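Secondary and tertiary structure notes
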Amino acid sequence: MPPVAVGEGRLKVKAEGLPDASCGFVVGDAPRPDGPVLVFPHEDDSLRRAAQTFADLWQEVTGVRPRDAETRPETGDAVVFGSECVNRETLRRRLDGTLGPNRLKEGSDGYQLRSVEAKGWTTLFVIGARPRAVFYAVYRFFELQADCAYFWDGDRIPKGSAPDLRGLDLTE
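Anyway, here's the lowdown on the structure attached to this text. Keep in mind the model is a prediction, meaning the values are calculated, not measured. (Residues numbered from 1 in each chain as written. Predicted model: local features only at pLDDT ≥ 70, side-chain atom pairs only at ≥ 80, totals over all residues. Heavy atoms only, no water.)

Section: the pattern of salt bridges
For the structure on display, the rule yields 14 salt bridges. Across the pair Asp-45 and Arg-48 runs a salt bridge whose closest N-O atoms are separated by 2.2 Å. With Asp-45 and Arg-48 both in helix H1 (residues 45–62) and 3 residues apart, this pair spans about one turn of that helix. By relative accessible area, Asp-45 is classed as partly exposed at 33%. Of the charged contacts, one joins Asp-109 and Arg-132 as a salt bridge, the two residues approaching to 3.2 Å between their closest N and O atoms. (Salt bridge = Lys/Arg side-chain N within 4 Å of Asp/Glu carboxyl O. Helix = DSSP H or I, 4+ residues; strand = E, 2+ residues; numbered from the N terminus. Buried < 20%, exposed > 50% of the residue type's maximum accessible area, 1.4 Å probe, protein only.)

Let's talk about the packing of H1 against helix H3 (residues 131–146)
It is at 9 Å that the axes of H1 and H3 come closest, and there the two elements cross at 15°. When the interaxial angle is binned, H1 and H3 end up roughly parallel. Relative to H3, the crossing made by H1 is right-handed. Touching Ser-46, Leu-47, Arg-49, Ala-50, Thr-53, Phe-54, Leu-57, Trp-58 and Val-61 of H1 are Pro-131, Val-134, Phe-135, Val-138, Tyr-139, Phe-141, Phe-142 and Ala-146, all from H3. For the contact of H1 with H3, a count of residues per class yields 14 nonpolar, 2 polar and 1 charged. (Axes fitted to C-alpha atoms, helices over the stretch in contact; angles between N-to-C directions. Parallel < 35°, antiparallel > 145°, perpendicular 65-115°, else oblique. Left-handed = near helix turned anticlockwise from the far one by under 90°. Contact = heavy atoms within 4.5 Å. Nonpolar A, V, L, I, M, F, W, Y, C, P; charged D, E, K, R; others polar.)

What about the side chain of Arg-72?
By the secondary structure assignment, Arg-72 is in the loop between strand S5 (68–69) and strand S6 (78–81). Comment: no salt bridge for buried Arg-72; closest opposite-charge side chain is Glu-89, at 5.0 Å. Of note is the side chain of Arg-72, whose polar atom sits 2.6 Å from the backbone oxygen of Gly-76. In this structure, Arg-72 is in contact with Val-39, Asp-77, Ala-78, Glu-89, Trp-121, Thr-122 and Thr-123, ignoring residues within four places of it in sequence. (Lys, Arg positive; Asp, Glu negative; His and termini not counted. Polar contact = N/O pair within 3.5 Å; in protein donor to acceptor, adjacent residues only side chain to side chain.)

Considerations on helix H2 (residues 88–95)
Those residues of H2 that sit buried are Glu-89, Thr-90 and Arg-94. With its buried residues spanning 140° around the axis, H2 presents them on a single face. Along H2, the residues that are exposed and aim more than 90 degrees away from the buried face are Arg-88 and Leu-95. Where H2 is buried, its residues touch S6, strand S7 (111–118) and strand S8 (121–128). For H2, the side-chain oxygen to backbone nitrogen distance between the N-cap and Glu-89 is 2.9 Å, and the N-cap itself is Asn-87. Two residues or fewer after H2 comes Gly-97, characterised by a positive phi angle close to 85°. (Arc of directions from axis to C-beta.)

Structure below.
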């Protein structure tokens, strides 16, 4: 029987003989202590900047900086930036029917925030009809989930717990 340790709101089951950093699997619905992994194609400058803005706001709210990756890890919560035209993970989820068809009008400022739950983890898709719209989606996420507000004379970014990635299905 593998040893069991409880920490950071998740039940961790450690595989025998493996170092602490590699656990067998993780069960639970608490957010990762280091925040979600931000997934975007690193060669896309606009998505890199949108992910950077998301990371900056996440850190300002929670005090923790999320890490980034080009592909979605098998475990842990993630935020995926970009449409199926530029992000393979978004394309996979469109093709398997998880995200449904893209109803954003090309060239518009439309965006989609969509949470998908699988295997106990949440993936938030941040999709825009064009690069600027991805930024709109990032700011809207923090308005909805962290009570942030943006003003010409200074933004209001409250400190608090990790914004909830779950339960979003918004197209504007």
